[in-house]
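Structure assessment
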Amino acid sequence: MSGRPDIERAVAVLRRGGLVAFPTETVYGLGADATDDDALARLYSVKRRPADHPVIVHLGRKADLEEWASAVPDAARRLAAALWPGPLTLVLPAAGTVSRVATGGLDTVGLRVPDHPLALELLDAFGGGIAAPSANRFGRVSPTSAHAVEQDLGPEVDLVLDGGTCAVGVESTIVAVTDTDVRVLRPGAVTVDTVAALTGHVPTTGGATPAPGTLPAHYAPAARVDVVSTTALRGHLTALGADSGVRVGLLGPASDLASVDAAVPVVTLAAVRDADEYARVLYSALREADALGVDVVVAVAPTDDGIGIAVADRLRRAAAGR
Ligand code: TXA
Ligand code: MG
């Protein structure tokens, strides 16, 4: 048992079927005891999440994998060994004992050991799996700070553990592994190239599995989001300026934004040095857009490699979200 009072309180909340929001390195999760179907039902209802959308079960140690998965293909074992704790979720055949409420009725389960000291302390003290989707309402922007969780979910969460701002900023890479197939269901900080190098399989991407993070419209602020290329930026701002009174927020690489003499008064939401910083500030910038009453967020897409692929993926879905 941990000596920290907030961790002890969080464990008590989970044991009585309550909901605890906690930080991970990717985004904040809204946690419930993964073996308590009543707690899971409340989790789905607070998120306003359809019951057929599975949640990720967070584990404290790599070895817990054997308890939650009925089979662990070699490729999955290699990924867990190399990348856990870290921003990787493995979708594997679920052990018979795993709640089908947590899996959204599927016979597979998403598992991940998060890389955040507070999350690991909580998991260690709780001593079981914690089911946790991102701690936002279904379809909206994921929270990367305790403050964002409180703003979104407020009193419906029993306890929010504050672990500061998330270091990665976009959700984990989801990889479904079978004996014959490695499939990347959602891009994240762990790249397809890394998965290929560690498993020796060339992963396929996408898939038919129900996954809210892979719906075309998700991660959406109230503002409209327009994703543009570097070269299209000026023209797009000029075109928007024709519509007088529109409030435009800008988001993108600093080098691209610096070259803009905006035809409309714009508010710079974030000017980033690289794709890592883009991922880290993406969701807080989208939230700020709404707080400022921005009508249109114009986002210059990052370069299409590394974590930039995950940022581009989230921007695309945010743009489809109205
Ligand atoms: O980084 C993250 O993954 C964060 C933190 C809190 O760990 N969690 C997160 O959870 O993003 P959520 O619920 O917002 O997204 C989980 C994704 C969904 O797209 C869900 O459909 C997919 O994981 N997923 C979970 N179990 C699955 C399964 N058995 N098969 C296919 N997809 C699954
Ligand atoms: Mg989510």
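Because the structure is a prediction, the values reported are computed rather than measured.

**Brief notes about the sheet that holds strand β14 (residues 296-300)**
- The four strands are arranged β11-β14-β12-β13 in an open sheet whose pairing can be described as parallel. Pairing within the sheet leaves two strands with one partner each, and these edge strands are β11 (224-228) and β13 (266-272). Each strand axis lies, on average, 20 degrees off the axis of its neighbour in the sheet, ignoring direction.
- Relative to β14, β11 is paired through five bridges, and the arrangement is parallel. Counterpart to Asp 226 in the pairing with β14 is Val 298.
- Sheet strands in contact with helix α8 (residues 233-241) are β11, β12 (248-253), β13 and β14, and its direction is about 170 degrees off that of β14.

**Description of the environment of Leu 257**
- Note that Leu 257 resides in helix α9 (residues 254-258).
- Relative accessible area serves as the criterion here: at 10%, Leu 257 is assigned to the buried category.
- Leu 257 sits 11 residues away from Thr 268 along the chain, and the two C-alpha atoms are 8.4 Å apart.
- When neighbours within four sequence positions are excluded, Leu 257 is seen to be in contact with Leu 233, Leu 250, Leu 251, Gly 252, Thr 268, Ala 270, Ala 271 and Val 300.

**A closer look at the packing of helix α4 (residues 74-83) against helix α7 (residues 192-199)**
- Two elements in contact, α4 and α7, have axes separated by 9 Å at closest approach and are oriented at 115 degrees. The handedness of the crossing between α4 and α7 comes out as right-handed. In this structure, α4 uses Ala 75, Arg 78, Leu 79, Ala 82 and Leu 83 to contact α7, whose residues at the interface are Thr 194, Val 195, Leu 198 and Thr 199.

**Observations concerning the sheet that holds strand β3 (residues 56-58)**
- One open sheet holds the 10 strands; their spatial order is β7-β1-β2-β6-β3-β5-β4-β8-β9-β10, and the pairing between them is mixed. Looking at strand neighbours, the two that pair on one side only are β7 (159-160) and β10 (204-205), the edges of this open sheet.
- Pairing analysis gives three bridges linking β3 to strand β5 (residues 108-112), with the strands arranged parallel. Within β5, the residue paired with Ile 56 across the bridge is Gly 110.

**What to know about the pattern of salt bridges**
- Within the structure shown, the criterion is met by 17 salt bridges.
- Between Glu 121 and Arg 4 there is a salt bridge, with its nearest N and O atoms 3.8 Å apart. Here the residue Glu 121 occupies a position in helix α5 (residues 117-126), and Arg 4 occupies one in the segment before α1 (5-15), the gap between them amounting to 117 residues.
- In this structure, the salt-bridge partner of Asp 226 is Arg 224, at a minimum N-O distance of 2.7 Å.
- When salt bridges with common partners are traced through the structure, they connect Glu 171, Asp 313, Arg 314, Arg 316 and Arg 317 into a single cluster.

**Some points on the layout of surface pockets**
- By volume, the largest pocket is sized at about 220 Å³.
- If you trace the largest pocket, you find it lined by Arg 140, Val 141, Gln 151, Asp 152, Ala 220, Pro 221, Ala 222, Ser 284, Arg 287, Glu 288, Asp 290 and Ala 291.
- Contributions of two or more residues to the lining of the largest pocket are made by α6 (146-153) and α10 (275-291).
- Counting residues per element, the lining of the largest pocket draws most heavily on α10, which supplies five residues.
- Here the residues of the lining of the largest pocket sort into five nonpolar, two polar and five charged.

**What to know about the nonpolar core**
- Counting 48 residues, the largest nonpolar core has Leu 30, Leu 90, Leu 111, Val 175 and Val 177 as the members making the most contacts within it.
- In this structure, Val 168, Tyr 219, Ala 310 and Ala 318 belong to the second largest nonpolar core, which totals 27 residues.

**Observations regarding the side chain of Asn 136**
- Within the fold, Asn 136 resides in the loop between β6 (130-131) and α6.
- One polar contact links the side chain of Asn 136 to the main-chain carbonyl oxygen of Arg 140, over a distance of 3.2 Å.

**Here we look at α6**
- Within the span of α6, buried status applies to Ala 146, Ala 148, Val 149 and Leu 153. In a view along the axis of α6, the buried residues occupy a sector of 160 degrees, so they form one face of it. Exposed and facing more than 90 degrees away from the buried side of α6 are His 147 and Gln 151.
- Structurally, α6 contributes buried residues whose contacts are with β1 (20-22), β2 (29-33), α2 (37-47), β7 and α10.
- Count one or two residues on from α6 and you reach Gly 154, which has phi positive near 45 degrees.

**Observations concerning the side chain of Thr 26**
- For Thr 26, the location among the structural elements is in the loop between β1 and β2.
- Looking at Thr 26, its side chain comes within polar contact range of the side chain of Thr 24, at 2.8 Å.
- In contact with Thr 26, not counting residues within four places along its chain, are Pro 87, Arg 112, Thr 144, Cys 166, Val 168, Gly 169, Val 170, Glu 171 and Ser 172.

Quick notes on the rules
Residues numbered from 1 in each chain as written. Chains lettered and ligands numbered in written order. Predicted model: local features only at pLDDT ≥ 70, side-chain atom pairs only at ≥ 80, totals over all residues. Heavy atoms only, no water. Pairing = 2+ DSSP bridges. Helix = DSSP H or I, 4+ residues; strand = E, 2+ residues; numbered from the N terminus. Axes fitted to C-alpha atoms, helices over the stretch in contact; angles between N-to-C directions. Contact = heavy atoms within 4.5 Å. Buried < 20%, exposed > 50% of the residue type's maximum accessible area, 1.4 Å probe, protein only. Left-handed = near helix turned anticlockwise from the far one by under 90°. Salt bridge = Lys/Arg side-chain N within 4 Å of Asp/Glu carboxyl O. 1 Å grid on protein atoms, 1.4 Å probe; cavity = no way out; pocket = protein on both sides within 12 Å on 5 of 7 lines; lining within 4 Å. Points joined across faces, edges and corners; volume = space filled by probe spheres on them. Nonpolar A, V, L, I, M, F, W, Y, C, P; charged D, E, K, R; others polar. Core = buried A, V, L, I, M, F, W, Y, C linked by side-chain atoms within 4.5 Å. Polar contact = N/O pair within 3.5 Å; in protein donor to acceptor, adjacent residues only side chain to side chain. Arc of directions from axis to C-beta.

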